Amino acid sequence: MRYADQVVLARRVHPMTADGPSYEVVEAVAIRGDRITAVGSRAEARGWIGPDTVVTDHGSGVITPGLVDAHSHPILGLRMTAGHDLSGASSPAELQAGLAAAAEATAPGAWVQAWGLKPDAWPAPGPHRAWLDAIVGDRPAIVRFFDGHAVVASTRALELAATADLVDVLGPGLVGRDAQGLTGVVREPAGLAHLDEAIPQPSVHDEAARLHDLLAAMAATGLTTVHALDLEGDALAVLEAAEARGPLPLRLLLSPWCGPELDEDGWRELLALQQRSGERWAVRGVKIFLDGTIDHGTAWLSRPDRWGQSDVSLWPDRDRYAAALAFFDRHGVATATHAIGDAAVGRALDVIGGLRPAGSTLVHRIEHIETAPDHLLPRFAEVGAAACMQPTHCTRYVTADGSDNWSARLPEHQARQAWRTRDLRDLGAVVALGSDWPIAHYDPRQVMADAQERRPAELPDAAPVGPEQRLTARMVLEGYTTHAAAADGLSAELGVLAPGARADLTVFADDPLELAPSALLTCPVLATYVGGEPAHRHTDLHR
Ligand SMILES: [Zn+2]
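Conventions adopted
- Residues numbered from 1 in each chain as written.
- Predicted model: local features only at pLDDT ≥ 70, side-chain atom pairs only at ≥ 80, totals over all residues.
- Heavy atoms only, no water.
- Helix = DSSP H or I, 4+ residues; strand = E, 2+ residues; numbered from the N terminus.
- Rg over C-alpha atoms; globule rule 2.2 N^0.38 Å.
- Contact = heavy atoms within 4.5 Å.
- Areas by Shrake-Rupley, 256 points an atom, 1.4 Å probe, with all protein chains shown as cover.
- 1 Å grid on protein atoms, 1.4 Å probe; cavity = no way out; pocket = protein on both sides within 12 Å on 5 of 7 lines; lining within 4 Å.
- Points joined across faces, edges and corners; volume = space filled by probe spheres on them.
- Buried < 20%, exposed > 50% of the residue type's maximum accessible area, 1.4 Å probe, protein only.
- Arc of directions from axis to C-beta.
- Salt bridge = Lys/Arg side-chain N within 4 Å of Asp/Glu carboxyl O.
- Phe/Tyr/Trp six-rings, centres within 6.5 Å; stacked < 30°, edge-to-face > 60°.
- Lys NZ or Arg CZ within 6 Å of the ring centre and 35° of its normal.
- Pairing = 2+ DSSP bridges.
- Right-handed = clockwise from strand over helix to strand, strands pointing away.
- Donors = N, O, S within 2.8 Å, 3.2 Å for Na, K, Ca; no water.

Visitor: What should I look at first to understand the overall build of the chain in this one?
Guide: Of the regular secondary structure elements, the chain holds 21 helices and 24 strands. Its C-alpha atoms give the chain a radius of gyration of 23 Å, near enough to 24 Å, the size a compact globule of 543 residues would have. A principal-axis box enclosing the C-alpha atoms of the chain has dimensions of 80 × 55 × 50 Å. The contacts in the chain between residues at least 6 apart in sequence include a share of 74% that link residues at least 24 apart. When the accessible surface of the chain is split by element, carbon and sulfur atoms take 52% of a total near 20,900 Å².

Visitor: Can you walk me through the layout of surface pockets in this structure?
Guide: A probe matching the size of a water molecule, rolled over the atoms, marks out where space remains unfilled. By volume, the second largest pocket amounts to about 650 Å³. Elements represented by at least two residues in the lining of the second largest pocket include exactly β14 (223-228), β15 (251-254), β16 (281-283) and β18 (335-339).

Visitor: Help me understand helix α9 (residues 235-244) in this model?
Guide: Because the α-helix completes a turn every 3.6 residues, residues three or four places apart line up on one side. Ala235, Leu236, Val238, Leu239, Ala242 and Glu243 are the residues of α9 that are buried. What you see down the axis of α9 is that its buried residues fit within an arc of 160°, all on one side. Contacts from the buried residues of α9 go to α8 (204-219), β15, α10 (264-273) and β16. Gly246 sits one or two positions beyond α9 and adopts a positive phi of about 145°.

Visitor: Whenever I open this one, the pattern of salt bridges confuses me. Can you help?
Guide: Oppositely charged side chains can form a pair if their charged atoms are brought close together. Tallied over the full model, the rule gives 26 salt bridges. Between Asp57 and Arg42 there is a salt bridge, and its shortest N-O distance comes to 3.0 Å. In this pair, Asp57 sits in strand β5 (residues 54-57) while Arg42 sits in helix α1 (residues 42-45), placing the two residues 15 residues apart along the sequence. Relative accessible area serves as the criterion here: at 44%, Asp57 is assigned to the partly exposed category. Judged by relative accessible area, Arg42 falls into the partly exposed class, the value being 27%. A salt bridge links Glu367 to Arg365; the shortest N-O distance between them is 2.9 Å. Assigned by exposure class, Glu367 and Arg365 land together as buried. Salt bridges sharing common partners tie together Asp34, Arg35, Glu493 and Arg502.

Visitor: Is there a simple way to think about the packing of aromatic side chains in this case?
Guide: The geometry of an aromatic ring pair is captured by the separation of the ring centres together with the interplanar angle, meaning the angle of the planes. This structure, assessed with the given rule, holds nine aromatic pairs. Here the aromatic rings of Trp406 and Trp419 are separated by 4.8 Å at their centres, their planes lie at 35°, and the arrangement is tilted. Here Trp406, found in helix α15 (residues 405-409), pairs with Trp419, found in the loop between α16 (412-415) and α17 (421-426); they are 13 residues apart in sequence, far enough to count as distant. Like Trp419, Trp406 is buried. In textbook terms, an aromatic cluster arises when at least three aromatic residues are bridged by ring pairs, as seen for Trp267, Phe327 and Phe328. Cation over ring: Arg537 sits above Tyr529, and NZ or CZ is 4.8 Å from the ring centre.

Visitor: Where do I start with the pairing of strand β10 (residues 141-145) in this structure?
Guide: Consecutive residues of a regular strand have side chains that alternate between opposite faces of the sheet. Burial within β10 is extensive, with five of its five residues counted as buried. Of the two faces of β10, both are covered, the one formed by Ala141, Val143 and Phe145 as well as the one formed by Ile142 and Arg144. In terms of strand pairing, strand β9 (residues 112-117) meets β10 through four bridges, oriented parallel. From the neighbouring strand, Ala114 faces β10, where its bridge partner is Val143. Note that the unit made of β9, helix α4 (residues 129-136) and β10 has a crossover that is right-handed. Following β10, the chain reverses through four residues before pairing antiparallel with strand β11 (residues 150-153); Gly148 in that reversal takes a positive phi of roughly 75°.

Visitor: Would you mind showing me how to read the coordination of the zinc ion here?
Guide: In ideal tetrahedral geometry, four donors around a metal make angles of 109.5 degrees, whereas ideal octahedral geometry with six donors gives angles of 90 or 180 degrees. The zinc ion binds to the protein through His71 (NE2), His73 (NE2) and Asp436 (OD), with metal-donor distances spanning 2.1 to 2.2 Å. Donor residues for the zinc ion sit on one chain with the sequence pattern H-x1-H-x362-D. Placement of His71 in strand β7 (residues 67-72) and of Asp436 in the loop between β21 (431-433) and α18 (444-453) is noted, with a sequence separation of 365 residues between them. Both residues of the pair, His71 and Asp436, count as buried.

Next comes the structure, spelled out in structure tokens:
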């Protein structure tokens, strides 16, 4: 027999294969090239070790398949996190201090930028450029909401972007107006794009350096693959420049956006993009926004919210969305539909269900699913749609007492149908987990811990939101391994430790299936391997 190139040892290995290995004890993984050739006990591993085999013993560590974040924005997020971090500001006073600091730190003439704005932090009667102007004066300024779906722009920023000229093109839903004219609130990708064009952008070289640093930080939390649900602007150039600097610290899958404005020529361009790849990145699938967010009144609910908003799709032509999905399905391209409101979720399920009789074998995904009634839940398994969910959007931005903006907008019965992770699992759905960084922290330990508690795992006294939706430790690990891989149609390659799978490994200091969630939050990640190559080592941590 041929010996392994590498053997990686630990106290325990969780292969996460469906039937489970027949071994009583799994403590070793054999790797040849970038693939796993065997898993087994330490005794068995002796037979894999030849004179040239590199043996790494992680001692008391516990190995899982490399963790996959099913939904993130590592490249778009570089822009979304430009400037001052406001995510810690919860009151108007804190917000004012943060914005004043941002203005202070910005060179004269440059755009003042800040991100992470919580809707509840702005003083009554709500976000308006006048309050921002009072802090930044006549400078261009843009303040991004935490959910990435809206901004508040200063008067000077609106002038530079010529927003007033675009109101009729974009429509009142995307550009806020009142008796005094523009409010400064601009929403959704179509609205935000014209502002971004007005902001001087960093060079591809600088963005590539930031991307490398970000991916290294993500790898240090245990991630070996991140599915980026965007590929906008100069993202391909940034990826190529980043890879020229050295191997990416993890794999990236990237899904460009397909908006309602694209015609079939536009769809074909997205098809052609599917061929693009590098050493550790590949374009895979397309992302479609069927609605926006509940916080901004742009979700698509079956009935308007309490403010009379969130009752329309971002696709004015219903049939066009179905035509787009059918087109991509026919060409073998999986889609990921952003569907937050129950009407959007129902529509996505209907359309995906309609592809099956046509012979589709692709896994199409539905992203977010923030509120959904009972009757929609069994349909995920029935039509084979994967649910991709972000538990920390619930645990970090929604409160059990319903006092937050998200809950306040929804009728009570819909607010109670929030992020139904456990119901979907119990009904046999694939439930891939993710962070949606920079909307929430990318650390998979935080997402896995919170999803088990339905509250911030470090706050034992916080009331859980929908405690019946708690996932087990195994379910959350599956959400980052087997289920994440299944959602991308990559079950044989990723998310398992089995012969033939890619040698992507995460090594925890302790067992994530046994740790209390609060301990999982801070459990060190000793190492990650990507295609057999060490990607992160614990000593790399600057702690
Ligand atoms: Zn997202």
